[in-house]
Amino acid sequence: MSATLFTDIFLVLLAATLATRLWLARRQVRHVLANRKRVPAPFRGKIQLKAHHKAADYTAAKTRLGLLALVIDTLLLLAWTLGGGLDWLDQAWRAAGYGELATGTAFLLSAFAMMGLLDLPLSLYQTFVLEQRFGFNRMTVTLFFVDLLKQTALLLIIGTPLAMAVLWLMQSAGTLWWLYVWLLWSGFSLLMIWAYPAVIAPLFNKFVPLKNASVRKRIQALLKRTGFRSRGIFVMDGSLRSAHGNAYFTGLGRNKRVVFFDTLLKTLGGTEIEAVLAHELGHFHHRHIVKRLVTMFAMSLAGLALLGWLIQQAWFYQGLGITTPSTHAALILFLLVGPVFTFFLQPLMAWGSRRHEYQADTYAAEQADAKSLISALVKLYRENASTLTPDPVYSAFYDSHPPAALRIAHLRSLA
């Protein structure tokens, strides 16, 4: 394949991806605003028209901001690749005279740091303008930048040795380097999932044991009934940064934790909290977490094997604006342009996720009260300003959870 042909293929796919995403976003905004005037029948009497208006306006505002971000990201991708941005950065580090490993590591870290800085204005706008406008932001400017400094420190502390190890394997492990990198990446990912609740998450939030005795007793009974073991039930100070509520499991093996946002506990009652937890337990019962990890590892193995072939092709570098082939250039090019080539697999991934959500809801209805889960979901839709009327095509393409009306109908059939 010639470099020119590969460039043309990249540009065609990039244009197709951009056009599809713009079309889907415009559909979403039109559909949500067209259904703004009336609360859908399944939610009448439970969600007020004012709250429905807020959800529609919030969804439209987020989607429009996403449109702006999409255009900016596309232009930046072109600037980094065909515009010569990565090549300029690569040549600048080469001119410093460091060895290949040090040059590659510095190149990767500086590229990711610069990309983060370029994303900063939109992140600030989303937090302090959009989220503030709809009453969700609790973040202060000081806390925002403290978080940013912590994230940067973690990038340096964790990312530097990881980048060096990956590049060393790519340069020294022979033709099967991609297999060794995959083993390293898989092990690192499992380590991070295991260590996250005890080591990383406490750097950003406080976690305290659940104090509400009646709720704790109800949850412990559910855990015992379902045979689920965890290191504890914790409440996270999510209200420090946002008014949104959530609950999740984190960790692996004996390091698993049940975490509730404090905002969630203020919204839901005891039976509703139990039902939400039963839904999360459904993911573990059906081994969704393991299935997702296996899928992720399989896809990363296939991707690295493909990179193992691409790294030897001169047209891969030249077609994306790199004049001097190298392992570090190949790695970052693959990470940047990979989503362009895999975008149209998104509906399949979203369908699988929605299927898992239905299975978890069914399990929750068996282990707790389906009506309580319905009540909890309705409250969460209202408090989080989640649209009740997403565009069907947009939802099928992107949404990891079923649309509100379909999910509630499914639970009512179980109840």
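It should be noted that the structure appears before, not after, this text.
What comes next is a walk through the structure.

A few words now on the sheet that holds strand S1 (residues 207-209). As a general point, the strands of a sheet are linked pairwise by backbone hydrogen bonds and lie either parallel or antiparallel. Taken together, the 4 strands give an open sheet; going across it, the order is S1-S2-S4-S3, and neighbouring strands pair in mixed fashion. What marks the edges here is a single partner per strand, and that holds for S1 and strand S3 (247-250). Averaged over neighbouring strand pairs, the angle between their axes works out to 35° when direction is ignored. Where strand S2 (residues 233-236) meets strand S4 (residues 257-261), 4 bridges bridge the pair, whose relative direction is parallel. Bridge assignment links valine 235 to a residue of S4, and that residue is phenylalanine 260. Along the sheet, helix H9 (residues 270-285) makes contact with S3 and S4, crossing S3 at roughly 35°.

Structurally, the position occupied by aspartate 361 is in helix H13 (residues 346-367). Given a relative accessible area of 0%, aspartate 361 falls into the buried group. In terms of polar contacts, aspartate 361 uses its side chain to reach the side chain of arginine 407, at 2.7 Å. Other than its neighbours up to four places away in sequence, aspartate 361 contacts His279, Leu373, Arg407, His410, Leu411 and Leu414.

Residues of helix H16 (residues 404-414) that are buried: Ala404, Arg407, Ile408 and Leu411. An end-on view of H16 places all buried positions within 95° of arc, on one side of the element. Of the exposed residues in H16, those oriented more than 90 degrees away from the buried face are Leu406 and Ser413.

So, on to a nonpolar patch on the surface. Nonpolar side chains collect at one region of the surface, where Met1, Leu5, Ile9 and Phe341 lie side by side and expose about 350 Å² of accessible area between them. Relative to the assigned elements, isoleucine 9 resides in helix H1 (residues 3-34). For isoleucine 9, a relative accessible area of 31% puts it in the partly exposed group.

With that out of the way, let us pick up the nonpolar core. Residues Phe43, Ile219, Phe260, Leu277, Leu281 and Tyr381 are the most contacted members of the largest nonpolar core, which totals 43 residues. Of all the elements in the fold, those that place two or more residues in this core are helix H7 (213-226), S2, S3, S4, H9, H13, helix H14 (370-383) and H16. Examining the composition of this core, we find that 7 residues originate from one element, H14, more than from any other. Leucine 277 has contacts with Ile219, Leu222, Leu223, Phe249, Val258 and Phe260, leaving out every residue within four places of it along the chain. One finds Leu167, Phe316, Leu331 and Ile332 within the second-largest nonpolar core, a separate group that totals 42 residues.

About the thresholds
Residues numbered from 1 in each chain as written. Predicted model: local features only at pLDDT ≥ 70, side-chain atom pairs only at ≥ 80, totals over all residues. Heavy atoms only, no water. Pairing = 2+ DSSP bridges. Helix = DSSP H or I, 4+ residues; strand = E, 2+ residues; numbered from the N terminus. Axes fitted to C-alpha atoms, helices over the stretch in contact; angles between N-to-C directions. Contact = heavy atoms within 4.5 Å. Buried < 20%, exposed > 50% of the residue type's maximum accessible area, 1.4 Å probe, protein only. Polar contact = N/O pair within 3.5 Å; in protein donor to acceptor, adjacent residues only side chain to side chain. Arc of directions from axis to C-beta. Patch = residues over 30% accessible without salt bridge, like charges linked within 9 Å, V, L, I, M, F, W, Y side chains within 5 Å. Areas by Shrake-Rupley, 256 points an atom, 1.4 Å probe, with all protein chains shown as cover. Salt bridge = Lys/Arg side-chain N within 4 Å of Asp/Glu carboxyl O. Core = buried A, V, L, I, M, F, W, Y, C linked by side-chain atoms within 4.5 Å.

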